[in-house]
Amino acid sequence: MCELQHRVNRCHPSRSTIDFCYVRPQHIPAVNALLQSVFWPGIDVSDCLSYPDYSVVALYKKLVVGCGFLVPDVGYNEAYISFMAVRHNWQRSGIASFMLYHLIQTCMSKDITLHVSASNSAVMLYQKFGFKIEEVILDFYDKYLPLDSKQSRNAFFLRLLR
Ligand SMILES: CC(C)(COP(=O)(O)OP(=O)(O)OC[C@H]1O[C@@H](n2cnc3c(N)ncnc32)[C@H](O)[C@@H]1OP(=O)(O)O)[C@@H](O)C(=O)NCCC(=O)NCCS
């Protein structure tokens, strides 16, 4: 887009910052589309509008470039990261780290758990924040991943102990 603007306007466009906010109804279609593109079809996070404090949406202007969601009560003293994603061309610039830091801050006294595919390098992101692999669950993603998915169907179950 920057290159296009440069060619059309013959000047370099001004860059905006990335803003982080709680999920709002107008984000839902773009957030669902992002999550479906990186995970599997049919994901709908509309329910998270009932507890927006446990969400984070990263925006470049009005474009949703990332999102993260926490389910605050999944068990005794435990919250669960249900989804975390950053748009492909925006990865490796610290957006997920910022979102994860925010989600961790929202539940300071609870353990935080999550599942991640065993072949997903996102494990390294979580390990940087102190999450530890607690369990390997075979075929966890069988019912979610499309048949042609290259991701492992086995999951690591990770926990950030508080
Ligand atoms: C996983 C994901 C959310 C990371 O987002 P991101 O904004 O690129 O992450 P960050 O830039 O904050 O990365 C922080 C650190 O995590 C690790 N990391 C993140 N993505 C990585 C990758 N693809 N390969 C190796 N390490 C990676 C690195 O240690 C990185 O630090 P560095 O860039 O200084 O080396 C993003 O790649 C994504 O959306 N993937 C598809 C969806 C997904 O797998 N979600 C996680 C499962 S819940």
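Residues numbered from 1 in each chain as written. Predicted model: local features only at pLDDT ≥ 70, side-chain atom pairs only at ≥ 80, totals over all residues. Heavy atoms only, no water.

### Digging into the site of the ligand
Rules: When we say a residue is near a molecule or strand, we mean one of its heavy atoms is within 4 Å of it. For the purposes of these results, a polar contact is taken to be a pair of N or O atoms within 3.5 Å, where, inside protein, one atom must be able to donate a hydrogen and its partner to accept one; residues adjacent in sequence count only when each atom of the pair is a side-chain atom. The method behind every accessible area is Shrake-Rupley, applied with a 1.4 Å probe, and residues are considered shielded solely by the protein chains displayed. Secondary structure is summarised from DSSP: a helix means a run of H or I of at least four residues, a strand means a run of E of at least two, and numbering begins at the N terminus for each.
As a matter of local geometry, the ligand sits amid 20 residues, with Met84, Val86, Arg92, Ser97 and Asn120 nearest to it. Residue Ser121 places a side-chain N or O atom 3.1 Å away from a nitrogen atom belonging to the ligand. The protein chains hide 79% of the 900 Å² of surface that the ligand would expose on its own. Within the residue set of the shell around the ligand, elements represented by two or more residues are strand S4 (78–86), helix H3 (95–106) and helix H4 (122–128). Ranked by the residues each element gives to the shell around the ligand, the list is headed by H4, at five residues.

### Quick notes on the sheet that holds strand S2 (residues 55–60)
Our working rule: Strands are labelled as partners when DSSP assigns at least two bridges between them. Only the contacting stretch of a helix is used when fitting its axis, a line to C-alpha atoms as for every element, and angles between N-to-C directions run 0 to 180 degrees. Contacts are assigned to residue pairs that have any heavy atoms within 4.5 Å of one another.
Pairing is mixed in the open sheet, where seven strands are placed in the order S1-S2-S3-S4-S5-S7-S6. The two strands at the open ends of the sheet, each matched to only one other strand, are strand S1 (18–21) and strand S6 (132–137). On average, each strand axis in the sheet is tilted by 20 degrees relative to the strand beside it, whichever way the strands run. Two strands pair when backbone bridges link them, and strand S3 (residues 63–75) and S4 are joined in this way by seven bridges, in the antiparallel orientation. When the sheet's bridge partners are listed, Gly75 is paired in S4 with Glu78. On top of the sheet, helix H2 (residues 28–38) reaches S2, S3 and S4; it is set at about 85 degrees to S3, its chief contact. Of the strands in this sheet, S1, S2, S3, S4, strand S5 (111–117) and strand S7 (155–160) are in contact with H3, which crosses S4 at around 160 degrees.

### Things to note about the nonpolar core
As a reminder, the rule being used: To qualify as a nonpolar core, a set must consist of buried Ala, Val, Leu, Ile, Met, Phe, Trp, Tyr and Cys residues joined through side-chain atoms within 4.5 Å. A simple rule labels every residue: compare its accessible area, found with a 1.4 Å probe on the protein chains alone, to the largest value its type can have, and call it buried under 20%, exposed over 50%, or partly exposed in between.
Ranked by internal contacts, the top residues of the largest apolar core, which has 26 residues, are Ile81, Met84, Leu100, Ile112, Tyr126 and Phe131. Broken down by secondary-structure element, the contributors of at least two residues to this core are S2, S3, S4, H3, S5, H4 and S7. It is H3 that provides the largest number of residues to this core, a total of six residues.

### With respect to H2
As a reminder of what qualifies: Think of the arc as the fan of directions from the helix axis to the C-beta atoms.
Those residues of H2 that sit buried are Ile28, Val31, Asn32, Leu34 and Leu35. Each buried residue of H2 lies within a common arc of 160 degrees when the element is viewed along its axis, so the set occupies one face. Opposite the buried face of H2, by more than 90 degrees, sit the exposed residues Pro29 and Ser37. Buried residues belonging to H2 abut S2, S3 and S4.

### Some points on the pairing of S7
Among the six residues that make up S7, six are buried, leaving the element largely enclosed by the rest of the structure. Burial along S7 is two-sided: Ala155, Phe157 and Arg159 facing one way and Phe156, Leu158 and Leu160 facing the other are all buried. Where S5 and S7 come together, six bridges link them in antiparallel fashion. Bridge pairing in S7 places Leu114 opposite Leu158. Inspection of the sheet shows S6 paired to S7 by five bridges, in the antiparallel sense. When the bridges of S7 are listed, Ile137 appears paired with Ala155.

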